[in-house]
Amino acid sequence: MSTLVTAELFARPGCGDDVAQLLLDILGESLQHEGCEEIRILRDQNDADHVTGLTQWTQAHNYTDYLAWRTAHGFTATFEAMLTRPLVLHYYDEIYQGQGIAAP
């Protein structure tokens, strides 16, 4: 069963665009990391400085390995300098997924 991971980033005021752009800049490498199945970058409609990565991995350890790799290459420190608080991570098992009437 896949693992869904949310990584919430709370940018310093006015830095939401910079955080989102950095996530987009590293997206290609991230998608190529072992176990990565899908990545979505989301922005809070009510707070442009709150950006979230919604990712899907074959196993939870694939994300922790990925995060360790990013940390070793300095990206975690780059992000932390732009944030008001530490990265907030949550790991989920999917219980159900379905499409509503308005789905394309």
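Bear in mind that the values here come from a model prediction, so they are computed numbers and not experimental data. (Residues numbered from 1 in each chain as written. Predicted model: local features only at pLDDT ≥ 70, side-chain atom pairs only at ≥ 80, totals over all residues. Heavy atoms only, no water.)

J.: Let's hear about the overall build of the protein chain: which residues, and what values?
T.: When helices and strands are tallied, the protein chain shows four helices and four strands. Counting from the amino terminus, helix and strand elements in the protein chain follow one another as β-α-α-β-β-α-α-β. Against the globule reference of 13 Å for 104 residues, the protein chain gives a C-alpha radius of gyration of 14 Å, in line with a compact fold. Based on the C-alpha atoms only, the size of the protein chain along its principal axes is roughly 40 × 30 × 20 Å. Per-residue burial over the protein chain gives 34% buried out of 104 residues. (Helix = DSSP H or I, 4+ residues; strand = E, 2+ residues; numbered from the N terminus. Rg over C-alpha atoms; globule rule 2.2 N^0.38 Å. Buried < 20%, exposed > 50% of the residue type's maximum accessible area, 1.4 Å probe, protein only.)

J.: An account of the UniProt feature "domain: ABM" (unreviewed entry) in the protein chain is requested, with residue identities and associated values reported.
T.: According to UniProt, the feature "domain: ABM" (unreviewed entry) maps to residues 5-79 in the numbering used here. Structurally, residues 5-79 is divided into 44% helix and 35% strand, and its ends, taken at the C-alpha atoms, are 17 Å apart. (UniProt positions renumbered as here; feature names shortened; annotations may be inferred.)

J.: Describe in detail the side chain of S30, supporting the description with residues and values.
T.: Structurally, S30 can be placed in helix α2 (residues 27-31). Within the local environment of S30, its side chain forms a polar contact with the side chain of Y66, the two groups lying 2.6 Å apart. Those residues in contact with S30 that sit more than four places away from it in its chain are C36, I39, W57, Y66 and R70. (Polar contact = N/O pair within 3.5 Å; in protein donor to acceptor, adjacent residues only side chain to side chain. Contact = heavy atoms within 4.5 Å.)

J.: Any chance you could break down the pairing of strand β2 (residues 36-44) for me, citing the residues and the numbers?
T.: With eight bridges connecting them, β2 and strand β3 (residues 47-57) associate as antiparallel partners. Pairing of D44 across the sheet is with D47, part of β3. (Pairing = 2+ DSSP bridges.)

J.: An account of helix α3 (residues 60-72) is requested, with residue identities and associated values reported.
T.: For α3, which comprises 13 residues, the first-to-last C-alpha distance of 19 Å matches the rise-based estimate of 18 Å (1.5 Å per residue) to within 8%. For α3, the complete set of buried residues consists of N62, Y63, Y66 and R70. Projected down its long axis, α3 shows its buried positions confined to an angular sector of 95°, all on one face. Lining the buried residues of α3 we find β1 (3-10), α2, β3, α4 (75-80) and β4 (88-93). Positive phi shows up at G74, right after α3, with a value of about 85°. (Expected span 1.5 Å × (residues − 1). Arc of directions from axis to C-beta.)

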